Amino acid sequence: MKLWNYRGEQKSITEALQIKLPEHAVISVTGAGGKTSLIFAWARELAADGKNVVITTTTHMYRPERMEEDGIRIVVSGDPERPDKVTAPPEDVLESLRDTADVVLIEADGSRRMPLKWPGDREPVIPDSTDITVCVAGLSAVGKPAEDVIYRADELPEAIKRDTVDVNLMHKILASRDGGQKGVRGEFRIFLNQVDDDIDRLAAAYRLQQILGVFGIQTAWGSLIEPDERKLAVILEAAGDSKRFGSNKLLHIMDDGRPMIASVLDAVRSLDVHKKIIVTQYDEVAKLASGFDTVMNDRPDLGISRSMKLGLMAAGDADAYIFCVCDQPGLTAETLEKLIDAYKKGTAGIVSLAWQGQMRNPKIFSSLYREELMRLEGDTGGRQIIDAHKKDLLLVEAENEDEVKDIDRL
């Protein structure tokens, strides 16, 4: 984690944001581009300093892996419609949290995992008891088409609309009383996330803090997640009907005496990733996938998009998704690691294996494209999303042609 403000590099989020915490502080975090990451990083920082911290939400947030850590409690309600998410606790519980904690951190906004947002009519949901409001914005948006990286871009006021996100558009959104400052309670700060090691983003952050300072807004910037800490989820798509093959090809015994799917399962098992998920309609395949989170696809007739959506839901708060088909027995763990390393360099939001310059499987998608992936229908993979974001694509050449061959026929 790297943090700066106008004074230079800082050691903590509290110092970077120049905050003096009151007793039983309530902090609401709004905006986009890393709210949850900021909240959890800040909570761990405060807990390490001996503070009793509560994390909660007034809207929705992705379900944490653990509901309690040392010095940190997570107080939320389950969401029956979205098992991968949690929602606000009852109002009386929310109001009582201040009395039981040194610091309450509230995720008070939603952004569909986009780096910027323009709030809707009922957003953000900031409690009156808030002492400090922090608006987060992701600098990965700079230079991208506004409609791709701003949640509710179509609702931006005509006076500030632009086709491409630049520093001027960002400061107008963040400084606006109808945008970044909407509904603010208590002191106000802005945190510019996703600087990473990108010199252009660092320059944009420095320029933004100068402009926002004219409006009397204190700003910090940095990178909350180091590249090697990004949460990646591998999603194995194993629900096809194998019509051209004539039988369940994933169970076809290969020359090494194992079912076809075994080699892909072994390659993925060796990876150090956040989650390993397999989506299948076959009980026999599920039994082979020990160590994987298994999701049963009861409607494979809806096409590959159905498997992708089920996998995305199971991936929860992952930062990126590696989609693998299971009929590429030549795919190796080394090639998967090479794909992951390419993604972690942070130069592209979509990374695909390739052979002689032609895109093949597997593919990695940043969570930036999650909503577009969730909108896919029928027997459609991510190709149309790649076509819409060609400049975000990086191709990684396979070591040999056998790695990219998929087996469709006996």
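Above this note sits the structure.
## Some details on empty space enclosed by the protein
Under the counting rule described, the total for this entry stands at 2 cavities of 30 Å³ or more. Computed from the structure, the largest cavity encloses a volume of approximately 100 Å³. The wall of the largest cavity is formed by 17 residues, among which G31, K117, C135, G179 and G180 lie closest to the centre. Per-element tally for the lining of the largest cavity: the top contributor is strand 12 (residues 132-138), with 3 residues. Grouping the amino acids of the lining of the largest cavity by side-chain chemistry returns 10 nonpolar, 4 polar and 3 charged. Within this model, the second largest cavity holds a volume of roughly 40 Å³. Forming the walls of the second largest cavity are K144, D148, V149, L368, Y369, E372, H389 and D392.

## Observations concerning the packing of aromatic side chains
In the structure shown here, the tally under the stated rule is 4 aromatic pairs. Relative to W221, the ring of Y206 lies with its centre 6.5 Å away and its plane at 80°, an arrangement referred to as edge-to-face. With Y206 in helix 6 (residues 199-214) and W221 in strand 15 (residues 218-223), the pair connects residues that are 15 residues apart, well separated along the chain. A relative accessible area of 45% places Y206 in the partly exposed class. When its relative accessible area of 4% is taken as the criterion, W221 is described as buried. An angle of 50° between the planes, with centres 6.4 Å apart, marks the rings of Y321 and F323 as tilted. Taking the relative accessible area as the measure of exposure, F323 reaches 5% and is therefore buried. Each member of the aromatic cluster is reached from another via a ring pair, and the members are Y321, F323, F365 and Y369.

## What about helix 7 (residues 261-269)?
Of all 9 residues making up helix 7, 7 are buried, and the element is well covered by its neighbours. Taken together, the buried positions of helix 7 are I261, A262, S263, V264, L265, A267 and V268. Here the buried face of helix 7 lies against strand 16 (232-238), strand 17 (275-280), helix 8 (283-288), strand 19 (320-325) and helix 10 (333-344).

## As for the sheet that holds strand 4 (residues 53-57)
One open sheet accounts for 10 strands, arranged 2-1-15-14-12-3-10-4-7-6; its pairing is mixed. Whereas interior strands pair on both sides, the edge strands pair on one side only; in this sheet they are strand 2 (8-10) and strand 6 (68-69). Pairing between strand 3 (residues 25-31) and strand 10 (residues 103-107): 5 bridges, direction parallel. The residue bridging V26 from the neighbouring strand is V104, located in strand 10. Along the sheet, helix 5 (residues 167-175) makes contact with strand 12 and strand 14 (187-193), crossing strand 12 at roughly 155°. Sitting on the sheet, helix 6 is in contact with strand 1 (2-5), strand 14 and strand 15, with an inclination near 170° to strand 15.

## Details of the state of the cysteines
Throughout the structure, instances matching the rule amount to 0 disulfides. With no disulfide of its own, C326 lies closest to C324 among cysteine sulfurs, the gap being 7.4 Å. Taking the relative accessible area as the measure of exposure, C326 reaches 1% and is therefore buried.

## Let's talk about the packing of helix 5 against helix 6
For the pair helix 5 and helix 6, the least separation of the axes is 10 Å and the interaxial angle reads 45°. Classified by the angle their axes make, helix 5 and helix 6 are oblique. Seen along the crossing, helix 5 lies across helix 6 with a hand that is right-handed. For the pair helix 5 and helix 6, the contacting residues are V167, M170, H171, L174 and A175 in the first and A204, R207, L208, I211 and L212 in the second.

## Digging into the pairing of strand 15
Burial analysis of strand 15 places 5 of its 6 residues in the buried class, which makes it a mostly covered element. Summarising the sheet, strand 1 and strand 15 pair through 3 bridges and their orientation is antiparallel. When the sheet's bridge partners are listed, W4 is paired in strand 15 with W221. Examined bridge by bridge, strand 14 and strand 15 share 4 bridges and lie parallel to one another. In the strand pairing of strand 15, R189 is matched with Q218.

## So, the nonpolar core
One finds I150, V165, L192 and L373 to be the most contacted residues of the largest nonpolar core, which totals 52 residues. Of all the elements, helix 5 adds the most residues to this core, at 6 residues. Setting aside residues no more than four positions away along its own chain, L373 makes contact with M308, K309, L312, Y321, F323, F365 and I385. Grouped together as the second largest cluster of nonpolar side chains are 36 residues, V273, A289, I322 and W355 included.

Reading guide: rules and limits
- Residues numbered from 1 in each chain as written.
- Predicted model: local features only at pLDDT ≥ 70, side-chain atom pairs only at ≥ 80, totals over all residues.
- Heavy atoms only, no water.
- 1 Å grid on protein atoms, 1.4 Å probe; cavity = no way out; pocket = protein on both sides within 12 Å on 5 of 7 lines; lining within 4 Å.
- Points joined across faces, edges and corners; volume = space filled by probe spheres on them.
- Helix = DSSP H or I, 4+ residues; strand = E, 2+ residues; numbered from the N terminus.
- Nonpolar A, V, L, I, M, F, W, Y, C, P; charged D, E, K, R; others polar.
- Phe/Tyr/Trp six-rings, centres within 6.5 Å; stacked < 30°, edge-to-face > 60°.
- Buried < 20%, exposed > 50% of the residue type's maximum accessible area, 1.4 Å probe, protein only.
- Contact = heavy atoms within 4.5 Å.
- Pairing = 2+ DSSP bridges.
- Axes fitted to C-alpha atoms, helices over the stretch in contact; angles between N-to-C directions.
- Disulfide = S-S within 2.5 Å.
- Parallel < 35°, antiparallel > 145°, perpendicular 65-115°, else oblique.
- Left-handed = near helix turned anticlockwise from the far one by under 90°.
- Core = buried A, V, L, I, M, F, W, Y, C linked by side-chain atoms within 4.5 Å.

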